[in-house]
Amino acid sequence: MGSVKEYFSSLGSGIASLLKGMQVTGKEFITPKITERYPEDRETFKWPERFRAILELKYDSEGNHKCIACGTCERNCPNGTITIESKMVDTPAGTKKKKLDRYIYDLGSCTFCQLCVTSCPTDALRFSNDFEQSVFTRSKLVKQLNYLPEKPEPELTEEQKARLAAEREAKVAAAKAKAAALKAEREGTAAAPVAAPAAAPAADDAAAKALAAAKGDPEKEAKIRAALERAAKLKAEREAAKAAGQSEQKENK
């Protein structure tokens, strides 16, 4: 008798479970379908902005990117997905500048963690939604992100050239004044100190050009004036010592 009771009890539980499952299935029959007809709707479908498919450099309308080849993204990548090759170029100003040569990205080992994007100091990287990256060989997943040719450094204007020339002359004048002051200190002239003039003399062309180039920069102008004042003071001390020596020679005669 007990076995018959257990049988009908188990049968009732099975039927109840079946009805519950059929209830869920019945709801799905009337639920709107969300199946996408890909790739038929490729041109009209809007992918979510947060979807990460492949890393790329940001290029502006003129074909320039913001990457400065600092290597921050390469160091922060946990899988070694990024390799940056840089080079040094000469600028029209006569200085050296570090520039990006090749930005290598291995899509096959990327975990899409976005550490490279969030740590970039110049906001030069982003993840695009281009997920169609199927290839037959793994080597084709290694991509060079800077695909556009690098542009040469822009030429300086005449105003910029004149300003750089004036700054170089100012540096040369300040260096000469400092060298003269150090030389006088080493010679150890033992003459009485002469009061420094209120303003630095700028009779020669180099000093005048140096002050003109530093105009508008109080710190640089103060340094040049201090160097010129020191040089003038040492010159006056040497002249005083020379005059004292000549007068002493006359008295001895």
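1. Some remarks on the nonpolar core
Moving on, step 1. Within the largest apolar cluster, 22 residues are counted, with the highest numbers of intra-cluster contacts made by Leu55, Leu57, Ile82, Tyr103, Tyr105, Cys116 and Leu125.
Moving on, step 2. Elements represented by at least two residues in this core include exactly strand 1 (54-57), strand 2 (82-90), strand 3 (96-106), helix 3 (115-119) and strand 4 (125-128).
Moving on, step 3. Non-local contacts of leucine 55, meaning those with residues more than four positions away in its chain, are made with Ile82, Tyr103, Tyr105, Cys116, Val117, Leu125, Arg126, Phe127 and Leu145.

2. Let's talk about the side chain of lysine 99
Moving on, step 1. Secondary-structure assignment places lysine 99 in strand 3.
Moving on, step 2. Residues within four places of lysine 99 in sequence aside, it is in contact with Ala69, Ser86, Lys87, Val89, Glu150, Lys151 and Glu153.

3. Looking at a nonpolar patch on the surface
Moving on, step 1. A cluster of nonpolar side chains, namely Val4, Tyr7, Phe8, Leu11, Ile15 and Leu19, defines an oily patch on the protein surface of about 610 Å² accessible area.
Moving on, step 2. Taking the relative accessible area as the measure of exposure, valine 4 reaches 42% and is therefore partly exposed.

4. Describing the pattern of salt bridges
Moving on, step 1. Overall, the coordinates contain 3 salt bridges when judged by the stated rule.
Moving on, step 2. Between lysine 58 and aspartate 123 there is a salt bridge, with its nearest N and O atoms 2.9 Å apart. You can see lysine 58 sitting in the loop between strand 1 and helix 2 (72-76) and its partner aspartate 123 sitting in the loop between helix 3 and strand 4, a full 65 residues away along the chain.
Moving on, step 3. For aspartate 123, a relative accessible area of 38% puts it in the partly exposed group.

5. Topic: the environment of cysteine 70
Moving on, step 1. Here cysteine 70 lies in the loop between strand 1 and helix 2.
Moving on, step 2. The sequence separation of cysteine 70 and proline 121 amounts to 51 residues, and the corresponding C-alpha distance is 8.8 Å.
Moving on, step 3. Once residues within four sequence positions are removed from consideration, cysteine 70 is found in contact with Arg75 and Pro121.

6. Topic: the confidence of the model for the protein chain
Moving on, step 1. Across the protein chain, the average pLDDT comes to 80, with 84% of residues at or above 70.
Moving on, step 2. Per-residue pLDDT stays below 50 along residues 194-203; that stretch engages in 16 contacts with residues further than four places along the chain or on separate chains.

7. Comments concerning the environment of aspartate 123
Moving on, step 1. Sequence-wise, aspartate 123 and lysine 58 are 65 residues apart; in three dimensions their C-alpha atoms are separated by 8.2 Å.
Moving on, step 2. Setting aside chain neighbours within four positions, we find aspartate 123 in contact with Lys58 and Lys66.
Moving on, step 3. Looking at aspartate 123, its side chain comes within polar contact range of the side chain of lysine 58, at 2.9 Å.

8. Here's the deal with unusual backbone geometry
Moving on, step 1. Positive phi, close to 60°, is recorded for alanine 69, a residue that is not glycine.
Moving on, step 2. Its location among the elements puts alanine 69 in the loop between strand 1 and helix 2.
Moving on, step 3. A relative accessible area of 2% means that alanine 69 is categorised as buried.
Moving on, step 4. Backbone geometry places aspartate 123, a non-glycine residue, at a positive phi of 55°.

9. With respect to the sheet that holds strand 2
Moving on, step 1. Across the sheet, 3 strands lie side by side as 2-3-5; this open sheet has antiparallel pairing. On the outer flanks of this sheet lie strand 2 and strand 5 (142-144), each paired with one strand and no other. Direction aside, neighbouring strands of the sheet carry axes that sit 25° apart on average.
Moving on, step 2. Sheet topology note: the strand 2/strand 3 ladder contains 9 bridges and is antiparallel. Considered in strand 3, the bridge of aspartate 90 is made with lysine 96.

10. Remarks on the packing of aromatic side chains
Moving on, step 1. What the rule picks out here adds up to 4 aromatic pairs.
Moving on, step 2. Their ring planes at 50° and their centres at 5.0 Å tell us that tyrosine 59 and tyrosine 147 sit as a pair that is tilted. Note that tyrosine 59 is positioned in the loop between strand 1 and helix 2 and tyrosine 147 in the loop between strand 5 and helix 4 (158-187), a separation of 88 residues in sequence.

11. Considering a positive patch on the surface
Moving on, step 1. Judged by side-chain charge, Lys183, Arg186, Lys235 and Arg238 come together as a positively charged surface patch.
Moving on, step 2. Going through the elements one at a time, helix 4 and helix 6 (218-252) are the ones with two or more residues in the positive patch.
Moving on, step 3. Its place among the elements puts arginine 186 in helix 4.

Basis of the calculations
- Residues numbered from 1 in each chain as written.
- Predicted model: local features only at pLDDT ≥ 70, side-chain atom pairs only at ≥ 80, totals over all residues.
- Heavy atoms only, no water.
- Core = buried A, V, L, I, M, F, W, Y, C linked by side-chain atoms within 4.5 Å.
- Buried < 20%, exposed > 50% of the residue type's maximum accessible area, 1.4 Å probe, protein only.
- Helix = DSSP H or I, 4+ residues; strand = E, 2+ residues; numbered from the N terminus.
- Contact = heavy atoms within 4.5 Å.
- Patch = residues over 30% accessible without salt bridge, like charges linked within 9 Å, V, L, I, M, F, W, Y side chains within 5 Å.
- Areas by Shrake-Rupley, 256 points an atom, 1.4 Å probe, with all protein chains shown as cover.
- Salt bridge = Lys/Arg side-chain N within 4 Å of Asp/Glu carboxyl O.
- pLDDT = per-residue confidence, 0-100.
- Polar contact = N/O pair within 3.5 Å; in protein donor to acceptor, adjacent residues only side chain to side chain.
- Pairing = 2+ DSSP bridges.
- Axes fitted to C-alpha atoms, helices over the stretch in contact; angles between N-to-C directions.
- Phe/Tyr/Trp six-rings, centres within 6.5 Å; stacked < 30°, edge-to-face > 60°.
- Lys, Arg positive; Asp, Glu negative; His and termini not counted.
- Charge placed at Lys NZ, Arg CZ, Asp CG, Glu CD.

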